[in-house]
Amino acid sequence: MKLTIVGKNIEITEGIKLSIEEKLGKIDKYFNNDMDVRATIRAKKSRQTIEVTIIPVSGNIIRAEDSEENLYAAIDVVVDKLSKQLRKYKTKLINKSQDNASIRFENIESSIENENDSEINIVRRKKFGIKPMSEEEAILQMELLGHNFFVFTDSETSEMSVAYKRKSGDYGIIEQA
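Before going into details, it helps to say that this report is about the structure given with it. (Residues numbered from 1 in each chain as written. Predicted model: local features only at pLDDT ≥ 70, side-chain atom pairs only at ≥ 80, totals over all residues. Heavy atoms only, no water.)

### A look at unusual backbone geometry
1) Next: The phi angle at Lys45 is positive, at roughly 55°, despite the residue not being glycine.
2) Next: With respect to the helices and strands, the residue Lys45 is situated in the loop between strand S2 (36-44) and strand S3 (47-57).
3) Next: The exposed category is assigned to Lys45, whose relative accessible area is 85%.
4) Next: At Ser158, a position not held by glycine, the phi torsion is positive, near 60°.
5) Next: Locating Ser158 in the fold gives a position in the loop between strand S6 (149-154) and strand S7 (160-165).
6) Next: With a relative accessible area of 58%, Ser158 lands in the exposed category. (Helix = DSSP H or I, 4+ residues; strand = E, 2+ residues; numbered from the N terminus. Buried < 20%, exposed > 50% of the residue type's maximum accessible area, 1.4 Å probe, protein only.)

What follows is the structure in structure tokens.
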């Protein structure tokens, strides 16, 4: 596992670094190849946030985030979330009979969650026209609709994009590669 630890508004001490390496080392057994793992730690007032992103798992990104007053507790929660996601991912891949060479399934316990979780249930389908607009216009439209994301065609690039509202209250744009 290639681990990168980044701190924002917090100094990464040797103790923090060792704790993250040890805890994330527990999920290293789940992968066949060296995976790029990025841990970002942010401190805001009395809360510590850790966000861990694992890239790539068959082109899919696995990500978990948690905020706690105690950073070490947040690290434990994130590792548990990642393990749970991997178990769920395993179940879905086995159910779909897909091959995945990057994950060692023998090291992942089967998901004991509700069996309905392995089946995707689409309850609504919607079609709408997409008009070209600026990012600012798309965000305004999203806010007017009361949604937390909005699909639009970028008027500058003529590419499909998605504007979304982040947990922090800021906005993000997802663009085509």
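Here the narrative resumes, following the displayed structure.
### A look at the layout of surface pockets
1) Next: Of the voids in this model, the largest pocket is the one considered here, and its volume is about 600 Å³.
2) Next: Arg42, Glu51, Glu65, Arg166 and Ser168 are the residues nearest the centre of the largest pocket, which is lined by 17 residues in total.
3) Next: Breaking the lining of the largest pocket down by element, the ones donating at least two residues are S2, S3 and strand S4 (60-68).
4) Next: Ranked by the residues each element gives to the lining of the largest pocket, the list is headed by S2, at five residues.
5) Next: Together, 13 residues line the second largest pocket, and Lys126, Phe128, Leu145, His147 and Phe150 are the ones closest to its centre.
6) Next: For the lining of the second largest pocket, the elements supplying multiple residues, two or more each, are helix H3 (135-145) and S6. (1 Å grid on protein atoms, 1.4 Å probe; cavity = no way out; pocket = protein on both sides within 12 Å on 5 of 7 lines; lining within 4 Å. Points joined across faces, edges and corners; volume = space filled by probe spheres on them.)

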